[in-house]
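# Breakdown of the fold
Letter by letter, the chains look like this.
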Amino acid sequence: VENRHPSARGLLQELFPFSGRSRIIGITGSAGTGKSTLVDGLIEEFCKKGCQVGIVAVDPSSPFSGGAILGDRIRMMRHSGNPDVYIRSMATRGHPGGLAKSTCEVISILEAAGKDIILLETVGVGQDEIDVVRMADVVCVILVPGFGDEIQAFKAGIMEIADLFVINKADLPETEQAERQVRVMLEMGEQKKALPPILKTIASQGKGICGLQKEIDRLFVRLQSDGKETKRKNRVSWMLRDIIVSGIYSSVEACLSGKAFDELVEQILKKKLDPYSAADRILKGMKG
Ligand SMILES: Nc1nc2c(ncn2[C@@H]2O[C@H](COP(=O)(O)OP(=O)(O)OP(=O)(O)O)[C@@H](O)[C@H]2O)c(=O)[nH]1
Ligand SMILES: [Mg+2]
């Protein structure tokens, strides 16, 4: 599926009836905030309850991504022999705009494979990643003490989609201050819903993970009565939109190079044609 193999589409169509069964939990935050360490702890908590757990770690298309994937692998290594756990790291380089679609597809496969819980780790850096984590039923935003300036850089969007805030690395100084900052920020914002809970964890020591898991469970109980359908509907519309955009993108891509395209470029260079008419010609050809 990730390699866009021609057989993938048929398989996904067959799998579709089995999707929509899992609880999808988004874990997002800046690089190095301890997301993978937290996910590792959550895997353990959910396994203790007898759940089948799938993990999708989406890696941003940064030139440094190799390291992060390796980090995710190492952090969760101890679970790799557990048949109830499946971990997939996805590099996103080279798939412009298709990130939401690929992630959705990988999630569908894990749902069909019977995973009760799917943990979706993303680095909350850009719009693409925000779109991805939007697919989760419950979104946890991970912050660390001393994030002060960073909060400005943090996309407003990601704050809005948070159902739960975690201040990880609570062993570091300024933890209380960080908690206050988040609270102030939330109270200042326009709130349509209840203020999301703020939890503190020390993921590297396994502290607060059990409480986090319980809070996530509570959010799911609330979601059952309020908002689950909206979340599912959003997910389906994102997916449909992304399938269409990817389709358009691949058909457009073919027209953006090749002999006919080069000839048009030559004509524009020679001022025999203006770029707008040239574009019209290509677009007309595509519609046909
Ligand atoms: N002091 C302290 N360090 C922690 C804590 N949790 C994680 N770390 C450390 O923070 C570093 C980054 O942890 P990761 O779990 O890889 O963070 P991440 O957010 O998944 O990183 P990326 O996937 O690269 O964005 C590691 O060296 C962890 O050991 C914590 O509670 N306290
Ligand atoms: Mg990680």
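In case you missed it, the structure is sitting above this.
All of the points below concern the structure found in this document. (Residues numbered from 1 in each chain as written. Chains lettered and ligands numbered in written order. Predicted model: local features only at pLDDT ≥ 70, side-chain atom pairs only at ≥ 80, totals over all residues. Heavy atoms only, no water.)

Helix and strand counts for the protein come out as 12 helices and 7 strands. With an accessible surface of roughly 15600 Å², the protein has 56% of that area assigned to carbon and sulfur atoms. (Helix = DSSP H or I, 4+ residues; strand = E, 2+ residues; numbered from the N terminus. Areas by Shrake-Rupley, 256 points an atom, 1.4 Å probe, with all protein chains shown as cover.)

With that out of the way, let us pick up the packing of helix α2 (residues 35-48) against helix α9 (residues 209-225). Two numbers describe how α2 lies on α9: the axes approach to 9 Å, and their chain directions differ by 70°. Taken as axis vectors, α2 and α9 run roughly perpendicular relative to one another. Residues Leu38, Gly41, Leu42, Glu45 and Phe46 of α2 touch α9, and the partners they reach there are Ile209, Cys210, Leu212, Gln213, Ile216 and Asp217. The residue makeup of the contact of α2 with α9, split by class, is 7 nonpolar, 2 polar and 2 charged. (Axes fitted to C-alpha atoms, helices over the stretch in contact; angles between N-to-C directions. Parallel < 35°, antiparallel > 145°, perpendicular 65-115°, else oblique. Contact = heavy atoms within 4.5 Å. Nonpolar A, V, L, I, M, F, W, Y, C, P; charged D, E, K, R; others polar.)

Here we take up the pairing of strand β4 (residues 117-123). Counting buried residues in β4 gives 7 out of 7 residues, a clear majority hidden from the surface. In this sheet, β4 lies alongside strand β1 (residues 23-29) in parallel orientation, the contact comprising 7 bridges. If you follow Ile24 over to β4, its bridge partner there is Ile118. (Buried < 20%, exposed > 50% of the residue type's maximum accessible area, 1.4 Å probe, protein only. Pairing = 2+ DSSP bridges.)

Before going further, it helps to spend a moment on the pattern of salt bridges. Evaluated as defined, the whole model comprises 10 salt bridges. Notably, a salt bridge pairs Asp217 with Arg23, separated by 3.5 Å at the nearest N-O pair. Placement of Asp217 in helix α9 and of Arg23 in strand β1 is noted, with a sequence separation of 194 residues between them. Residue Arg23 is classed as partly exposed on the basis of its relative accessible area, which comes to 27%. (Salt bridge = Lys/Arg side-chain N within 4 Å of Asp/Glu carboxyl O.)

Side chains of Leu240, Ile244 and Ile248 sit close together on the surface and give an oily, nonpolar patch of about 290 Å² of accessible area. With respect to the helices and strands, the residue Leu240 is situated in helix α10 (residues 228-255). (Patch = residues over 30% accessible without salt bridge, like charges linked within 9 Å, V, L, I, M, F, W, Y side chains within 5 Å.)

One can find Thr103 in helix α4 (residues 99-112). Residue classification places Thr103 among the buried positions, given a relative accessible area of 0%. The residues touching Thr103, leaving out its near neighbours within four places in the chain, are Val56, Val58, Met90, Leu120, Val132 and Met135.

So, on to the nonpolar core. Val56, Phe165 and Val182 are the most contacted members of the largest nonpolar core, which has 30 residues in total. When residues of this core are traced back to their parent elements, those giving at least two are β2 (53-59), α4, β4, α5 (127-133), β5 (138-143), β6 (164-167) and α8 (175-188). Among all residues touching Phe165, those that are not within four sequence positions of it are Val141, Leu143, Met159, Val182, Leu186, Pro196, Pro197, Ile198 and Leu199. (Core = buried A, V, L, I, M, F, W, Y, C linked by side-chain atoms within 4.5 Å.)

Tracing the backbone through its elements, the reader meets Gly146 in the loop between β5 and α6 (150-153). For the pair Gly146 and Gln181, spaced 35 residues apart in the sequence, the C-alpha separation amounts to 9.9 Å.

Among the 6 residues of β5, 6 are classified as buried, and the element is accordingly described as predominantly covered. Residues Val138, Cys140 and Ile142 of β5 are buried on one face, and the alternating residues Val139, Val141 and Leu143, pointing to the opposite face, are buried as well. Relative to β5, β1 runs parallel, the two being bridged by 5 bridges. In the sheet register, Gly29 faces β5, and the bridge partner there is Ile142. When β5 meets β6, the two strands line up parallel, connected through 4 bridges. Pairing of Val141 across the sheet is with Phe165, part of β6.

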